[in-house]
Every structure is written in structure tokens, then in C-alpha cells.
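# Examination of the molecular architecture
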Amino acid sequence: MADPDILHSLQDHSSSNPGSFDEIGGLTIHFWGVRGSIPTPGADTVRYGGNTACVEILVAGRRLIFDGGTGLRVLGKHLLQTAADVNAHIFFTHTHWDRIQGFPFFLPAFQPDNTFSVYGATALNGASIKQQLSEQMLQPNFFTPLQQMQAALEFKHISAGSVIQLDTVLIETIGLNQQTNALGYRVTWNDLSVVYATDTDHSQGTADANLQYLAADADVLIIDGTYIDHQYHDSFCQDAAAWQPSVDLAASANVKKLIMFHHNPCHSDDRLDQLEVEIRDHFPTARLAREGMIVHLGSGKENPA
Ligand SMILES: [Zn+2]
């Protein structure tokens, strides 16, 4: 069944227009990377995509970016081609590789006219978000240190419970996973709300209670569906029913649209197709995120239909 909120599902990012959100209004979600743990290029991952986590939300003239996996590199390339003087807010959930590996390759950060506010929590080892991002760019891991990024970069320490107000856009945070200090985010603008909650740990009661609060009545919940990090080695690529707790949570939180994200590196396009059918049997509005997918939500204040 066609989903009226899905504007495009593009393999070719360059054909989309990032300036259009100002004209469209409402809130637009663009998926630039949807894979967990490690990039998975190849013939059997073309349709869902192989880049790791990066989701862009365009709302009220603001550009919000969640996580900087390898999808961030593709977004950066797109911005260079289509936008001048990029101003964005980048929110990190945590700093596993699949959330930060695109950051050193995010070319707009090397250009002096651009401005980025970078938000993240202190790691379990005490490192600030700036330190965590900087360390992966040091020799012998990488050839260009963070100091060579010429854009105006402002690093902002946040923690579970932080609330960020960007004019009319509200961003709330919760703790999702005590083992990784991962943060979940809820973006609210007018009557629209989107929750981005990945690296959830359903085995911890408090994390789920927090998530229940964060996701309550959300228009869109983006959440781990088919995979959680530690399963890669635990299961040796065997399936695990990771989606059931997310579906249960979405139902009890009265979420309108459920988008499963952070796909298992072992899963081919065909396997993900099967999983989507299986999940939709339990939650009819659920979809699996695809790289290049764009979801648009119109505000009820603009579009009563
Ligand atoms: Zn992780």
C-alpha cells in the first residue's frame, strides 16, 4: 500500500533538492545512511543501502543532522553541490564507529563559510564529544586532524535530559543504553514530532521507560528494528527477533508511523523485504528505512487534511 507521507525513495541523492523544505513547509526527514555497525556496499544491498547511520531533519528553516556514519559523507557531497553557507546542528547519539565514521569525510566542515553546532554526551571513559570526534582523526588513524576543519564548529556537551530550543523547534533527549551512554532524541515543532532512538537496549527497564515517555504519541518513531550492535558477533549473522520489542513499544506509545532503522550488515535487500512484510503484519504503518528515503510531514496548521 502506498504511503502518502513518503515523498521519494531515491537511490540518486543528487536529484533531490535540499532547498525545497522552505517552500514545502512542515517537516522533512531524509535518510542518508541506515545500516548498523559497518558499511555494506554490494549488489545485494543496493535497494536499502550500505551507508551507516545518518538522518537529516529539515524543519522551520533549520537543518538538523542525527549521527555521522558514512551517510554523512554523502550528505556533505550533496550540500556542496546544492547549498551555500551551510548552517546545521549535528546531534550524536553515541560514538560507535557507525555513528562517527563519516565525520572526517564531511567536506562542508572544511569550508570556512559554514557553521555547525555539534552536540553529544560525555563517553563512559570521560571523553567529551569533541575529544571523541577528534581522536578518530589523529595519526595513525587518519591524515587530517579536526583542527583543519575551517568551518565554525561549536561543540555542545549534552546529557540525558537535556532540552535544546532552537527558536520554535524543541529537541528533547533521554538515555537509551547504559552500556553505551546512547542518547535518544525527540524533535517537536508545531503539532509534529519525530523520535530518533537507536542503540536502544530493551533489556534495561529504565531505558524502555524513558523511551516510552519520549515516543508518546509521536508522528514518527525511528528505531532499531532488525538488529542491535552486539548481535553481530553473538548471532553470527543469524536472525534475531530484534523488531518485536520496538513494535511493542511503538504500539504502547501510540506512535503513528514506525520506521525501522540500523539494519543488520548481514541482511540482503531480499531478507529486509521479508522482514518488512513480517513487521507490517504486527504494525501496519511500519516501514524499513531505505537510504535515500524522504518522509514529509505536513503540519496540521498548514494542511488540515
Ligand atoms: Zn552503537
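Before going into details, it helps to say that this report is about the structure given with it. (Residues numbered from 1 in each chain as written. Predicted model: local features only at pLDDT ≥ 70, side-chain atom pairs only at ≥ 80, totals over all residues.)

### Here's the deal with the pairing of strand β2 (residues 27-33)
Condition: Put simply, a residue is buried when 20 or more other C-beta atoms lie within 10 Å of its own C-beta and exposed when 12 or fewer do; between those, it is partly exposed, and each C-beta is set from the backbone. Only DSSP runs of H or I reaching four residues or more are called helices, and only runs of E reaching two or more are called strands; each is numbered from the N terminus. Strand pairing follows a simple DSSP-based rule, namely that at least 2 bridges must link the two strands.
Counting buried positions over the 7 residues of β2 gives 6, a clear majority of the element. Bridge count for β2 against strand β3 (residues 54-59) is 6 bridges, and the pairing is antiparallel. Across the sheet, the residue bridging to leucine 27 is valine 59, located in β3. Relative to strand β15 (residues 293-297), β2 is paired through 4 bridges, and the arrangement is antiparallel. Opposite histidine 30, over in β15, you have isoleucine 294 as the bridge partner.

### Here we look at the sheet that holds strand β10 (residues 182-189)
With mixed pairing, 7 strands are arranged side by side in an open sheet as β8-β9-β10-β11-β12-β13-β14. Edge positions in the open sheet fall to β8 (163-166) and β14 (287-288), since each of these has one partner strand only. Examined bridge by bridge, strand β11 (residues 192-197) and strand β12 (residues 220-224) share 4 bridges and lie parallel to one another. Directly across from tyrosine 196, in β12, lies its bridge partner isoleucine 222.

### Focus on the pairing of strand β13 (residues 257-261)
Burial within β13 is extensive, with 5 of its 5 residues counted as buried. The two faces of β13 match: Lys257, Ile259 and Phe261 on one face and Leu258 and Met260 on the other face are all buried. Pairing of β12 with β13, which is carried by 5 bridges, proceeds in the parallel orientation. Each bridged residue has a counterpart across the sheet, and for aspartate 224 the counterpart in β13 is phenylalanine 261. One ladder, built from 2 bridges, connects β13 with β14; its direction is parallel. Directly across from methionine 260, in β14, lies its bridge partner leucine 288.

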